[in-house]
Each structure stands twice: as structure tokens, then as C-alpha cells.
Protein chains: 2
Amino acid sequence: MLTVDDPTSPAGSADVIRIKLDIAYDGRDFSGWAPQPKPGLRTVAGVLAETLGRVLRLPEPPTLTVAGRTDAGVHARGQVAHVDLPADAWAEASRQRGRALPLAAEIDELASRRLLRRLGGALPPDIRVRGLGRAPEGFDARFSALWRRYSYRVCDTAATADPLHRHDTLWHLKPLDLDAMNTAAARLTGEHDFAAFCRRREGATTIRALRWLDWHRDPDGIAVARVIADAFCHNMVRSLVGALLPVGEGARPVSWPAALLAAGVRDPAVRVAPPHPLCLEEVRYPPDADLASRADQARRIRVLGGPPA
Amino acid sequence: MLTVDDPTSPAGSADVIRIKLDIAYDGRDFSGWAPQPKPGLRTVAGVLAETLGRVLRLPEPPTLTVAGRTDAGVHARGQVAHVDLPADAWAEASRQRGRALPLAAEIDELASRRLLRRLGGALPPDIRVRGLGRAPEGFDARFSALWRRYSYRVCDTAATADPLHRHDTLWHLKPLDLDAMNTAAARLTGEHDFAAFCRRREGATTIRALRWLDWHRDPDGIAVARVIADAFCHNMVRSLVGALLPVGEGARPVSWPAALLAAGVRDPAVRVAPPHPLCLEEVRYPPDADLASRADQARRIRVLGGPPA
């Protein structure tokens with residue numbers, strides 16, 4: 001049902017409307033974004049597509065294309081997806097019950113508003129669609145994206161423990177030295193082969209451009225990592241966090257994560273940090289005029305071996 | 001097991017040590033702070049006292065005195081309680097397993113640190129003790145308090161909905177005009193008889209000093225009420241919020257809450273807002289030198305009819 005979008009997709013054709021969706025979810029009760037080989041597992045894409053299909057009375061759930069395919073247990077506040085809908089279903093969504101269709105010029109605005117409200121009522125409370133509307137020309141949620149930003153939350157002292165955040169925060173028993181972690185993190189940014197921090201997949205590159213990686217304390221005293229990359233490979237953020245935590249607690253030297261990176265192979269000493277403190281916060285796109293060229297460029301990189309997702 | 005503390009309590013006696021506890025909890029799975037008439041209900045005080053008794057090997061769970069007796073479903077990040085412990089149990093808590101007791105001068109610091117760590121391991125994840133230590137002379141968690149501060153979180157637009165916060169935030173379908181709510185709220189502050197906003201109890205006054213009541217948007221766009229009073233009567237914050245929400249959505253004039261207050265009786269048109277967005281954020285105490293006199297003063301007010309809790 002969910003497939004990587006196709007460069008020859010009908011996004012520009014007259015009878016199909018591409019819709020951009022801004023999505024937030026609590027990943028706890030989902031087996032990640034994407035459908036799993038094992039049937040019956042609850043996924044974000046599965047629930048969202050099923051709800052869209054039901055609300056719009058489509059013959060079958062539509063196919064969603066997503067910016068960041070989050071793993072099981074990972075949350076999102078800034079997830080972005082697109083879906084291509086039949087133009088008549090989109091027009092129908094703009095209609096008030098029992099009334100005639102609105103003027104053509106009003107359809108986009110009314111359909112966006114009404115579909116958003118109906119999704120609010122129809123979706124389970126652990127998924128919210130925060131906004132939706134007709135996508136700008138050339139937009140592709142996955143391939144047009146410039147970068148993805150994730151956060152990772154760690155509570156390292158009893159004084160800042162907040163049980164209301166226990167499902168999105170790691171409780172770490174030893175206090176962390178964020179200065180040491182930031183010194184170590186600075187040596188990881190840039191374009192590198194992140195094979196040491198990725199689960200390798202056959203035929204896929206592990207070269208990524210890590211644009212930003214730092215730690216700060218939020219107003220509640222929680223240590224929060226900010227991680228930005230053009231794209232991430234599987235488990236990459238959690239592996240980077242897993243390499244930095246021992247530096248923060250003084251168990252490893254600040255040079256250790258960079259040495260792992262240089263070695264270029266997975267080191268069993270790096271523990272992949274748990275998924276529940278990880279959240280996709282933002283996906284950044286270029287100005288509308290550059291959406292299509294960015295997507296073409298990203299697709300070419302994919303053909304060369306590296307899937308940006 | 002839990003009783004209102006007694007002015008003749010043994011806090012000053014040599015064989016008892018008064019301990020101050022800073023506590024945070026997710027109120028969702030608790031029937032409030034205080035023990036309930038119906039047996040078998042899980043309460044914050046019950047779990048905390050049982051855990052303290054077990055960790056310290058006391059013959060029975062100790063009695064906790066609390067600053068704010070939160071209702072079922074209400075959270076806390078800044079709850080404060082005190083407990084009077086036998087001096088020998090406190091000294092024992094400072095001892096490392098299999099070692100001799102530390103020097104007397106070190107007992108407070110070591111017992112605080114070790115008991116805090118052991119409580120972290122023994123308490124369920126929906127209660128955290130954030131800090132503990134010997135209380136200053138004259139301290140009483142309930143009667144020494146100058147004021148209590150609560151927050152109430154409301155999400156009023158799909159664009160800011162965060163499923164990770166659905167257990168501590170009200171999802172309100174209509175956008176709120178915070179300026180109107182603040183105009184209405186300003187007319188409620190000061191010392192008044194809040195009978196219109198309280199569940200009346202036989203023989204208890206409903207006069208309270210509401211020091212602060214306003215609404216602001218946090219960085220995520222959530223509408224947050226800040227409510228400060230010397231003390232609150234039952235349901236007071238939730239009733240005040242319930243009177244202000246219709247003002248924010250334009251269903252009632254800004255003069256309505258003040259008119260309710262002046263009428264002095266409960267109006268069935270005021271819906272008590274749900275408990276899950278309410279959180280006790282802070283309890284403020286006077287400087288150590290004034291703790292005992294403040295407690296005496298608050299106890300006298302209670303004798304005159306008004307329980308500050």
C-alpha cells in the first residue's frame with residue numbers, strides 16, 4: 001500500500017491533487033511509521049491512510065509518502081507526508097453536508113479546513129494532523145526535503161525528573177557533562193561515511209551530511225540533543241547518542257566517538273540508545289520555486305545508492 | 001494513616017527528624033494525593049508512605065503532611081511534603097551497606113543522598129522524589145507555605161496539538177481569545193469569598209486570597225493558565241478555568257466570571273474543567289527564620305474555619 005513515490009507520479013495531472021500533511025504522533029503504541037512485514041502491526045502510516053480513506057470514502061486507503069520513516073517507539077511533532085487524492089474526492093471534502101459544491105476558487109481552502117476538522121475527530125488521540133493543504137507545485141514530502149531535525153531528551157538528575165515526560169525522556173542515572181559531549185559531537189559533523197553508526201543495508205550508502213549535533217539544557221534542566229542531517233540512515237541518531245552518553249558521564253574520552261567514526265565499522269561497545277526519547281521535530285523544505293529541482297537532485301542521489309529518508 | 005499534622009507534633013524532639021520531600025507525579029493512575037474512604041484505591045500519599053516505610057524498614061508506613069492535596073488525575077511537578085522519621089532510621093539511611101555509621105556531622109548529607117537514590121529505584125515511574133533533606137527548624141509542609149502555584153494547559157488549535165502532551169493538556173475545539181480571558185481573570189484576583197467556584201464543605205470558609213490568575217501562550221503555542229493563591233478550596237482552579245473558557249471562545253461576556261463571583265453561589269452554567277491539564281507547579285515558603293511564625297498564623301486561620309491546603 002505504501003510505496004516510495006515514483007518520479008512519474010501523477011502529481012501534476014488534472015484529476016489528482018497532491019496534499020501536504022503536517023503530522024504529530026506519540027510513537028509508543030506504533031510499530032513505527034511504515035508498514036511492517038509482519039501483518040497486524042499498528043503503524044502510523046497504516047492508521048493515517050485507513051482514516052483518510054474512510055473519511056474521504058475512497059475505494060481503498062491512499063498511499064502516503066513521508067519525509068522521515070521513524071522507527072518503532074519514535075515520536076514526531078514535525079513529520080511531513082504527501083498523498084495524491086482524486087480531484088473529485090478533494091472537491092467533495094470541501095462540500096458542506098447537504099449543500100452544493102462551493103465555487104472552484106474556494107475548494108482548496110474549504111476542503112483543507114473541513115478535512116482537517118474531520119481528521120481531528122476520526123483519528124485516534126495518539127496521532128494528530130496539525131495542518132493540511134494542497135502542496136505547492138513540484139512538492140515531494142520525501143525528496144524535496146532539505147533536512148530533517150530530531151531531538152533526544154535525557155534527564156540526568158532526580159531534581160529534574162518529571163513523570164509526565166517519562167514516555168519521551170531517558171532517565172539516566174549519572175549526571176552528564178554537556179560540554180564534553182559537545183566537544184565530541186563537533187568532531188562528527190560534516191559529510192562522512194557513518195557506517196559506524198548505522199545498521200548497514202545491502203547496496204545502500206552510509207554517507208550522510210550531518211549538519212548539526214549539539215546538546216543544551218532546556219528551561220526544565222533536561223539535556224536535549226539537536227540533530228540535523230540532510231538524511232539519516234537507520235538507527236543513526238540513536239547510535240550517535242549512544243556514543244556520546246559515555247563521554248558525558250566520563251566513562252569514555254571526548255575523542256572516542258570521532259575514533260569510532262574513523263574506524264568505519266560498527267563497534268559493539270556503542271549501545272544504540274532507546275527510541276522513546278527521540279522525536280522528529282522538523283522537516284525543512286526549500287522555497288517553493290526550488291521544490292522540483294531539489295526533488296530531482298535527491299532522486300539522483302538515491303539512484304547512486306543512498307536513500308534519503 | 002495520613003492525618004492533618006498536629007501543632008504538638010514531635011518535630012522538635014531529639015529522637016525524631018523532620019524530612020522535607022520535593023515530589024513530582026503523573027496523577028493519571030492515582031485517586032489523588034490523599035487516602036480515600038473506599039479501600040484499595042491507589043493514592044500518591046499511600047504509595048509514597050508505603051515505599052518510604054519499606055526502604056527505611058519502618059514498622060509501618062510513616063505519616064506524610066502535604067502542601068497541596070491534589071485531586072484524582074491532577075499532576076504535580078512542585079509538590080512538597082514532610083515526614084517525621086525516627087532519628088535512628090535516618091542515621092541508618094546514611095550508612096553504606098556493611099559499613100559503620102558515618103560521623104554525626106555527615107549523617108544529614110549522606111542520608112539525604114542515599115535515601116533519594118533508593119527511592120528512585122523503589123518508587124513506580126509515575127512518582128519521583130526530586131529532592132529530600134532535613135527540614136529547617138519550624139518547617140511544616142502545609143502550614144508554613146505562603147502560596148501554591150498551579151498551571152492549566154489548553155490546546156486550542158490543530159496546529160499546536162501534541163499527542164505526547166494529551167495526558168496533561170485539554171484539547172479545546174474553539175480558538176481562545178486570551179486577552180478576553182485575562183480581562184475577565186483580572187477581576188477575580190484579590191481576597192474574596194470564592195463560594196461560586198468551590199465545592200462547599202460544612203463549617204469551612206470559602207474565603208481565599210487569589211494572588212495571580214492569567215493566561216499566556218508557551219513557546220509551543222499552548223494556552224497556559226498560571227494560578228497562585230495562599231490556598232485553594234476544592235475544585236477552585238478547575239471551576240475558575242471552567243468560567244474563563246466560555247469567555248475565551250466568545251460564548252460569555254468578559255464580565256461573566258466576576259458576576260458569578262459576586263453572586264456567591266455555585267452556578268450550574270459553570271462547568272468544572274477536567275483534572276488532567278492541571279498541575280501543581282510550585283509551593284512557596286518564607287525564609288527559614290519565618291517558617292514557624294507563618295505556620296502558627298496559618299493554623300490560627302484554620303481554627304477560624306478555613307483550611308489552607
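Our structure's up above, just so we're on the same page.
Residues numbered from 1 in each chain as written. Chains lettered and ligands numbered in written order. Predicted model: local features only at pLDDT ≥ 70, side-chain atom pairs only at ≥ 80, totals over all residues. Heavy atoms only, no water.

1. Observations regarding the relation of the copies chain A and chain B
Between the two chain copies there is a screw-like relation: a rotation about an axis and a shift along it. Here chain A sits on chain B after a turn of 180° about the axis and a move of 0.0 Å along it, with an RMSD of 0.0 Å. The superposition of one copy onto the other is thereby described by a two-fold rotation axis. Every residue of chain A has its C-alpha some distance from the rotation axis, and the shortest such distance is that of A:H165, at 4.3 Å. Looking at the interface residues of chain A, 100% of them are also at the interface in chain B, so both copies use one shared face. (Least-squares fit on C-alpha atoms with pLDDT ≥ 70 in both. Contact = heavy atoms within 4.5 Å.)

2. Looking at the packing of aromatic side chains
Applying the stated criterion to the full structure yields 8 aromatic pairs over all chains. Judged by centre distance (6.1 Å) and plane angle (40°), the rings of B:Y25 and B:W33 are tilted. Exposure class is identical for B:Y25 and B:W33. Each is buried. One aromatic cluster in this structure is built from A:Y25, A:F30 and A:W33. Taking the ring centre of A:W256 as reference, the NZ or CZ of A:R252 above it sits at 4.2 Å. (Phe/Tyr/Trp six-rings, centres within 6.5 Å; stacked < 30°, edge-to-face > 60°. Buried < 20%, exposed > 50% of the residue type's maximum accessible area, 1.4 Å probe, protein only. Lys NZ or Arg CZ within 6 Å of the ring centre and 35° of its normal.)

3. Focus on the interface of chain A and chain B
A common way to report how large an interface is uses the accessible area buried once the components associate. Contacts between the two partners involve 24 residues from chain A, matched on the other side by 24 residues from chain B. With both chains or domains summed, chain A and chain B bury close to 2000 Å², and 59% of this area falls on carbon and sulfur atoms. Among the residues chain A hides against chain B, the three largest losses belong to A:R130, A:L164 and A:R166. Together they make up 30% of the total. Applying the counting rule to chain A against chain B returns 4 salt bridges. We note a salt bridge from A:R166 to B:D26, for which the minimum N-O separation is 2.9 Å. Our count for the chain A to chain B interface comes out at 10 residue pairs in polar contact (both at pLDDT 80 or more). Those elements giving two or more residues to the side of chain A that touches chain B turn out to be β1 (16-25), β3 (75-86) and β4 (127-134) of chain A. At 4 residues, β4(A) tops the list of elements feeding residues into the side of chain A that touches chain B. A class-by-class count of the residues in the side of chain A that touches chain B yields 12 nonpolar, 3 polar and 9 charged. (Buried area = accessible area lost by both parts, 1.4 Å probe. Salt bridge = Lys/Arg side-chain N within 4 Å of Asp/Glu carboxyl O. Polar contact = N/O pair within 3.5 Å; in protein donor to acceptor, adjacent residues only side chain to side chain. Helix = DSSP H or I, 4+ residues; strand = E, 2+ residues; numbered from the N terminus. Nonpolar A, V, L, I, M, F, W, Y, C, P; charged D, E, K, R; others polar.)

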